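Geometric and topological summary
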Amino acid sequence: MAADAEPDRIGLVCDGRRWSYGSLLRAAQGAATLMQKSGATHVALLDENSEAAAMALFGAALAGIPYVPLNYRLADADLAALLARIAPAFIVGDQARVNRLNPDGGHVTLSRAEFVAQAEQAEPHPGAEEVDGAIAVQLFTSGTTAAPKAALLRHANLLSYILGTVEFGSASPEEAALVSVPPYHIAGISALMSSIYSMRRILLLPAFEPDAWLALAAAERATNAFVVPTMLSRIVARMDAGARADLGTLQAVAYGGGRMPAELIERALELFPDVGFTNAYGLTETSSTIALLGPDDHRAAHRSADPVMRARLASVGKPLPTVEIEVRDEEGRKLPVGERGEIYVRGEQVSGEYKERKALDNDGWFPTRDAGWIDADGYLFLAGRADDVIVRGGENISPGEIEDVLMTHPTIADAAAVAVPSVEWGEAVGIAVVVRPGQTAPSEDELRSLIKNRLRSSRVPERIAVLNALPYNEMGKLLRREVRALFR
Amino acid sequence: MKPGTKLKSAVCDTEVMVIKAADVAVDCGGAPMAAERPAERGVIDPAFAAGTKMGKRYVDEAGTLELLCVKAGQGSLSVGGVALKLKDAKPLPASD
């Protein structure tokens, strides 16, 4: 539709090259022809963000084949398993890695440059016959507790999200949105769709780095941006260290994807007094945003002396008009205002569906596994994951994997890993250990290198406590909230 | 008609996609819309010539029918001689 309305208007800028809506549509139509000819069951992207991500997303939709952007940061063994699950696929990006990890998958692979050049040349695809309930996008969850689940988003889910949140062609020609989230994240997909539908020019930053972000925002006169809290933390740190960029055109910054530390958002509100901040809460399974804390709420909370108002800065705001949100107890009963429970959501944009199973209940409600509560005025607050996953800079970490490694140490009798507040990462790892009778506690350095050597550096604890015993309830269940309280 | 169905005007360039389906016949410019445009274009009824706008959503009084205009034209949309109205869009801050 954007290409119909204004084919020559610039829709996307990446690495200094500019693409009009007309040329993006033409390339997507050519890409669809290539995809269909390949006979693939999935279209995948194994690459940083670029114009190829937009062409692959819309090309796959025209060809009627599910689009599966893959996390290029995954370890070889994990990525190999995912490649086998989508075989045979049409894959754009790191050909060498695909061929090395899944040589028998029957995949058709193209480098980014080959894909873009061939898509521009190929016969335009007229658009596949529309099938009811067709799958638009398949995203693998991070899979910290088990094998990654394949979340399915149907065209109807994504369309409902876009129609519910964006007015077609509503952006003025000056508006430009800086997109620095990776293409395999739901926010990376929704940013492409929302920006193109509103006709807000997309400024793609292939790999986030704070100085590159500041430079691109200034050079292309960005008016909007979406960041995860960790990105905002790094941008603020660079500016506090003296980095300067002309961000005079910046009007709106939306953030989401993890817990926003209160100190960080307050600092950002001071640093950017004329920018409207929006906290967007959503999940992969809900086609992105389901609740919003808007610019006015941010400023009102920031200025207020009333503790209830001030606390709203930590809220994710109110549900979109097109979705319903409830907080329920462990038996599934709706909880009253102020009580903590699990967040449930319902609406047409909510897929709540995996390739393996559907997670919606009979009435269409999706249990998010996020814990939270709603205040008297309807503002939603998050209170960690219902299943206690640690979310460090957008990366989900299962406490169990860290505890298992700690328990291999000869002097450790018991161990718990929990989320601790972190200004840089939103959450980081804290551990509490109990030493065997008659033994001396290992040094903090020893515990850190044990984790680092067996797992990844993101799992290394920031905080360590040595206890006489861990807190358990009468059913023998570890009381993680009491462990977390040690690190407040 | 069902959600996702596309309908074309017989008298102008208007094309709509069904968002919420109802068991009714939709007219554009006073003439019935259909999946395919007729070979010869009809004449727009002056009573239904206010035009359609791309990207706007049109609903009936009861809110049971909702159409998204994907191509603009000179005719306007109606059901049973009653004009459809523009759906109010509540602006939300950009969230992605």
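Structure first, text after, so check above.
Below is a short write-up of the structure. Small disclaimer: the values here were computed from a predicted structure and weren't measured.

**What about the overall build of chain B?**
Each helix and strand in chain B was counted, giving 0 helices and 9 strands. For chain B, the sequential pattern of α-helices and β-strands runs β-β-β-β-β-β-β-β-β. Taking 12 Å as the expected radius of gyration for a compact globule of 96 residues, we find that chain B reaches 13 Å, a close match to that expectation. If one aligns the C-alpha atoms of chain B with their principal axes, the spans along those axes are about 45 × 25 × 25 Å. Counting all 96 residues of chain B, 42% fall into the buried class. In chain B, the proportion of contacts linking residues at least 24 apart, taken out of those at least 6 apart, comes to 58%. Within chain B, the 12 negative side-chain charges are centred at a point lying 6 Å from the centre of the 13 positive side-chain charges.

**Let's talk about the packing of helix H10 (residues 229–240) of chain A against helix H11 (residues 262–271) of chain A**
Residue and element names in this part refer to chain A. Where H10 contacts H11, the axes come no closer than 10 Å and their chain directions differ by 50°. As the angle between them shows, H10 and H11 are arranged oblique. At the point where H10 passes H11, the crossing takes the left-handed sense. Across the interface between the two elements, Pro229, Leu232, Ser233, Val236, Met239 and Asp240 from H10 touch Leu264, Arg267, Ala268 and Leu271 from H11. Its residues assigned to classes, the contact of H10 with H11 comprises 7 nonpolar, 1 polar and 2 charged.

**A few points about the interface of chain B and chain A**
With 19 residues of chain B at the contact, the number on the chain A side is 29 residues. A buried area of about 1,900 Å², summed over both sides, lies between chain B and chain A, and 60% of it is on carbon and sulfur atoms. Three residues stand out in chain B for area buried against chain A, namely Leu92, Ser95 and Asp96 of chain B, and they jointly supply 36% of the buried area on that side. On the surface where chain B and chain A come into contact, there are 4 salt bridges. The closest approach of N and O atoms between lysine 2 of chain B and aspartate 132 of chain A, which form a salt bridge, is 3.6 Å. Run the count over chain B and chain A and you get 8 residue pairs in polar contact (both at pLDDT 80 or more). Every element with two or more residues in the side of chain B that touches chain A is listed here: strand S2 (15–20) and strand S6 (66–71) of chain B. Top element by residues in the side of chain B that touches chain A is S6 of chain B. It accounts for 4 residues.

**Digging into unusual backbone geometry**
Residue and element names in this part refer to chain A. Geometrically, the link from alanine 87 to proline 88 is a cis peptide bond, its omega value of -10° lying close to zero. One non-glycine residue, arginine 221, lies in the positive phi region at around 55°. If you check the backbone angles, serine 287 has positive phi at about 55° while not being a glycine. Structurally, serine 287 can be placed in the loop between strand S13 (276–283) and strand S14 (288–293).

**Points about the side chain of arginine 312 of chain A**
Checked against the element boundaries, arginine 312 of chain A lands in the loop between helix H13 (307–311) and strand S15 (318–319). With near-sequence residues (within four places) excluded, arginine 312 of chain A lies in contact with Leu293, Ala301, Asp375, Asp377, Tyr379 and Phe381 of chain A.

**Considering H10 of chain A**
Residue and element names in this part refer to chain A. Over its 12 residues, H10 extends 16 Å from the first C-alpha to the last, a length consistent with the 16 Å expected when each residue adds 1.5 Å. Along H10, the positions that sit buried rather than exposed are Pro229, Thr230, Met231, Leu232, Ser233, Ile235, Val236 and Met239. In the core, the buried residues of H10 are packed alongside helix H9 (210–219), strand S11 (224–227) and H11. Of the residues one or two after H10, glycine 242 is the one with positive phi, at around 110°.

**Examining the pattern of salt bridges**
Inspection of every chain in the model, using the stated rule, returns 38 salt bridges over all chains. Across the salt bridge formed by glutamate 353 of chain A and lysine 358 of chain A, the nearest N and O atoms sit 3.8 Å from each other. Take glutamate 353 of chain A: its relative accessible area is 10%, and that puts it in the buried class. Overlapping salt bridges bring together Asp4 of chain A together with Glu15, Arg37 and Lys71 of chain B as one network.

**Considerations on the sheet that holds strand S9 (residues 85–86) of chain B**
Residues and elements named next belong to chain B. Reading across the sheet, the 5 strands line up as S1-S2-S6-S5-S9 and stay open at both edges, with antiparallel pairing between neighbours. The open sheet terminates on both sides in strands that have one partner only, identified here as strand S1 (6–8) and S9. In terms of strand pairing, strand S5 (residues 57–59) meets S9 through 2 bridges, oriented antiparallel. Looking at S9, one finds that valine 59 is bridged to lysine 85.

**Examining the packing of H11 of chain A against helix H12 (residues 295–303) of chain A**
Residue and element names in this part refer to chain A. Two elements in contact, H11 and H12, have axes whose closest approach is 11 Å; the angle formed by their N-to-C orientations is 100°. In terms of orientation, H11 and H12 fall into the roughly perpendicular class. Two secondary-structure elements touch here, H11 through Ile265, Glu266, Leu269 and Glu270 and H12 through His298, Arg299 and His302. Broken down by class, the residue content of the contact of H11 with H12 amounts to 2 nonpolar, 2 polar and 3 charged.

**Points about the pairing of strand S23 (residues 426–435) of chain A**
All names here are of chain A. Among the 10 residues of S23, 10 are classified as buried, and the element is accordingly described as predominantly covered. In this sheet, S23 lies alongside strand S22 (residues 412–422) in antiparallel orientation, the contact comprising 10 bridges. The residue bridging alanine 419 from the neighbouring strand is valine 429, located in S23. Taken together, S22 and the strand that follows it, S23, pair antiparallel across an intervening segment of 3 residues. Note: S23 against strand S24 (residues 463–467), 5 bridges, orientation parallel. Within S24, the residue paired with valine 433 across the bridge is valine 466.

Thresholds, definitions, all that
- Residues numbered from 1 in each chain as written.
- Chains lettered and ligands numbered in written order.
- Predicted model: local features only at pLDDT ≥ 70, side-chain atom pairs only at ≥ 80, totals over all residues.
- Heavy atoms only, no water.
- Helix = DSSP H or I, 4+ residues; strand = E, 2+ residues; numbered from the N terminus.
- Rg over C-alpha atoms; globule rule 2.2 N^0.38 Å.
- Buried < 20%, exposed > 50% of the residue type's maximum accessible area, 1.4 Å probe, protein only.
- Contact = heavy atoms within 4.5 Å.
- Lys, Arg positive; Asp, Glu negative; His and termini not counted.
- Charge placed at Lys NZ, Arg CZ, Asp CG, Glu CD.
- Axes fitted to C-alpha atoms, helices over the stretch in contact; angles between N-to-C directions.
- Parallel < 35°, antiparallel > 145°, perpendicular 65-115°, else oblique.
- Left-handed = near helix turned anticlockwise from the far one by under 90°.
- Nonpolar A, V, L, I, M, F, W, Y, C, P; charged D, E, K, R; others polar.
- Buried area = accessible area lost by both parts, 1.4 Å probe.
- Salt bridge = Lys/Arg side-chain N within 4 Å of Asp/Glu carboxyl O.
- Polar contact = N/O pair within 3.5 Å; in protein donor to acceptor, adjacent residues only side chain to side chain.
- Expected span 1.5 Å × (residues − 1).
- Pairing = 2+ DSSP bridges.

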